[in-house]
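# Residue-level structural notes
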Amino acid sequence: TNERGGIDGKDGQVAGGPSAPCPGRAANGPRELPEEVFFQAVEHSPVAISITDLQANILYANRAFAQVTGYSKEEVIGENESILSNHTTPRRVYKALWGRLARQQSWSGKIVNRRKDNSTYLASLTVAPVINEENATVNYLAMHHDSTEVHELEQRVLNQKLMIEAVINSAPVAMAVISEGGEVVLCNPRYRNIAADLAPDQPLTALLPIIGQKLDGCLERLLEERRRFGDIEISIDIGGYAPRWYTCFGVSIEVQGENADGFFDQSGTTYGLLVINDISELRRRQQEAHLNALKALMAEENMVQGMRETVNGAIHQLQEPVNLIA
């Protein structure tokens, strides 16, 4: 190890030895890059890099290592890499790490580290053996970066996904996300139940033409022109049963591309959210209430008619004495 913390001499060479071509040039290139170039490349790398001996004692650490861990170079040189351990990483992770290094293979994974100020962070770590020309491991090269923020974002998205799925799956209304080609890409159990009632032997997409015909083109305009619609009441007669009644609501969803080509291209894909609420039971109750009201009205009319006939009969009975007196 030289005074800058770099690796010098035969024992510090990566597999291939001194005669191996210098990285960054062709094997028969006209010249080699100076060692200082590679040192500066490592020193200014945004990834925390450290080189240790076979007991994981730190021999070199670059600037990013100090920035990520909070330890200065002077504080970590000679210390063991375990100075960064938070002692919460499962033992099996370290066992797998040392197992691969023993086979002269690199290892990549995540561990929980602790900074100098005792704050913890999730480190995405890669450790590789440095092998000399005699095929012996002489050092270990470790590279890691702080992936705490990425992990938090990923976990937050996952948690939100689980909560949204729970809300949608327990919703009393049917929901389906429809692609521009008329495919059902996502739906909740309530939608599957309605599809099974109206088209029991057909796939989920068979329900869309039935609904679309009743909506009179609203579904097509939703996907093609992004024109939302709401509270449209439809009835579907499934034969042999009382007709089913539904209210429908639709809104368009603009989704941006997820691949690398769409990073600067803001064009996206349009989906349609179709919400269907089964109001058949409400309709049945309304019809029963209307029928009961008609029955009550007819009973009242019958009672009035009976009273009218009774009064007419009484008048007729009173008329006979009057006629006799007259």
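Residues numbered from 1 in each chain as written. Predicted model: local features only at pLDDT ≥ 70, side-chain atom pairs only at ≥ 80, totals over all residues. Heavy atoms only, no water.

### A look at the overall build of the protein chain
The line we're drawing: Helical segments are the DSSP runs of H or I of at least four residues, strand segments are the runs of E of at least two, and each set is numbered from the N terminus. Only protein chains enter the accessibility calculation, which uses a 1.4 Å probe; a residue is then buried when its area is under 20% of its type maximum, exposed when over 50%, and partly exposed in between. Throughout, a contact is declared for two residues whenever any of their heavy atoms are within 4.5 Å. Working definition of accessibility: Shrake-Rupley area with a 1.4 Å probe, residue cover restricted to the visible protein chains.
Tallying secondary structure elements over the protein chain gives 9 helices and 10 strands in all. Here the protein chain holds 326 residues, and the buried ones make up 30% of them. Sequence separation of 24 or more characterises 44% of the internal contacts of the protein chain that already satisfy a separation of 6 or more. Taken as a whole, the protein chain presents about 21100 Å² of accessible surface, with 55% of it coming from carbon and sulfur.

### Notes on the layout of surface pockets
The cut-off we apply is this: Here a cavity means grid points, on a 1 Å grid over the protein atoms only, where a 1.4 Å probe fits yet cannot get out; a pocket means an open set of points with protein on both sides within 12 Å along at least five of seven lines; lining residues are those with an atom within 4 Å of a point. Grid points are joined across faces, edges and corners, and a volume is the space filled by probe spheres set on the points.
As a volume, the second largest pocket reaches approximately 450 Å³. If you trace the second largest pocket, you find 20 residues lining it, with A56, E81, S82, Y94 and L97 closest to the centre. No other element matches the 4 residues that helix α4 (residues 91-102) contributes to the lining of the second largest pocket.

### Concerning the sheet that holds strand β8 (residues 229-236)
This is how it is decided: Between any two strands, at least two bridges found by DSSP are needed for them to pair. In this analysis an axis means a line fitted to C-alpha atoms, helices contributing only their contacting stretch, and an angle means the value between N-to-C directions, from 0 to 180 degrees.
Taking strand neighbours across the sheet as the criterion, the 5 strands line up as β7-β6-β10-β9-β8 in an open arrangement whose pairing is antiparallel. Both outer strands of the open sheet, β7 (184-187) and β8, are each paired with one neighbouring strand and no more. Each strand axis lies, on average, 25 degrees off the axis of its neighbour in the sheet, ignoring direction. Summarising the sheet, β8 and strand β9 (residues 244-256) pair through 6 bridges and their orientation is antiparallel. What sits directly across from E233, in β9, is T247. The sheet contacts of helix α7 (residues 207-214) involve β6 (174-178), β7, β8, β9 and β10 (268-278), and relative to β8 the element is tilted by about 105 degrees.

### With respect to the environment of V42
Structurally, V42 can be placed in helix α1 (residues 35-43). Residue V42 is classed as partly exposed on the basis of its relative accessible area of 30%. On a C-alpha basis, the gap between V42 and R63 in space is 8.9 Å, while along the polypeptide they are 21 residues apart. In this structure, V42 is in contact with I49, Y60 and N62, ignoring residues within four places of it in sequence.

### Quick notes on the sheet that holds strand β2 (residues 58-61)
The sheet built from 5 strands is open, its strands ordered β2-β1-β5-β4-β3 with antiparallel pairing. Looking along the sheet, the strands with just one partner apiece sit at the ends: β2 and β3 (107-114). Shown here is a sheet whose adjacent strand axes are inclined to one another by a mean of 30 degrees, direction ignored. In this sheet, strand β5 (residues 137-146) lies alongside strand β4 (residues 120-131) in antiparallel orientation, the contact comprising 9 bridges. If you follow A128 over to β5, its bridge partner there is L141.

### Considering the pairing of β2
Looking at chain direction, strand β1 (residues 48-52) and β2 are connected through 3 bridges and run antiparallel. The partner of I51 across the bridge, within β2, is Y60. Where β1 hands over to β2, the hairpin turn is made up of 5 residues, of which A56 adopts a positive phi near 70 degrees.

### Structural notes on the confidence of the model for the protein chain
Using the following cut-off: A score from 0 to 100, pLDDT tells how confident the predictor is in each residue.
Per-residue confidence for the protein chain gives a mean pLDDT of 83; residues scoring 70 or more make up 90%. Counting interchain partners and residues more than four positions distant, the pLDDT-below-50 stretch residues 1-27 has 40 contacts.

### Some remarks on the packing of helix α6 (residues 189-198) against α7
Counted only if it meets this: The labels follow the angle: roughly parallel below 35 degrees, roughly antiparallel above 145, roughly perpendicular from 65 to 115, and oblique for the rest. Classification convention: Asp, Glu, Lys, Arg as charged; Ala, Val, Leu, Ile, Met, Phe, Trp, Tyr, Cys, Pro as nonpolar; all other residues, Gly among them, as polar.
At a closest axis distance of 10 Å, the pairing of α6 and α7 adopts a crossing angle of 85 degrees. Regarding the angle of α6 to α7, the classification is roughly perpendicular. For the pair α6 and α7, the contacting residues are Y191, I194, A195 and L198 in the first and L207, L208 and I210 in the second. When its residues are assigned to classes, the contact of α6 with α7 shows 7 nonpolar, no polar and no charged.

### Here we look at the nonpolar core
Our working definition: Put simply, buried Ala, Val, Leu, Ile, Met, Phe, Trp, Tyr and Cys residues joined by side-chain atoms within 4.5 Å make one nonpolar core.
Ranked by size, the top nonpolar core spans 24 residues in total, and within it Y191, I211, L215, L274 and I276 carry the most contacts. At the level of elements, β6, β7, α6, α7, α8 (218-224), β8, β9 and β10 are the ones that each hand at least two residues to this core. Non-local contacts of I211, meaning those with residues more than four positions away in its chain, are made with I234, I236, C248, L274 and I276. Counting residues in each nonpolar core, the second largest holds 19 residues, with A61, V68, L101 and Y121 among its members.

### Considering the pattern of salt bridges
Convention followed: A pair is scored as a salt bridge if a Lys or Arg side-chain nitrogen falls within 4 Å of a carboxyl oxygen belonging to Asp or Glu.
One pass over the full model with this rule turns up 10 salt bridges. Between R227 and E225 there is a salt bridge whose closest N-O contact spans 3.2 Å. Using a relative accessible area of 44% as the deciding quantity, one classes E225 as partly exposed. In this structure, D278 engages R244 in a salt bridge whose closest nitrogen and oxygen atoms are separated by 2.7 Å.

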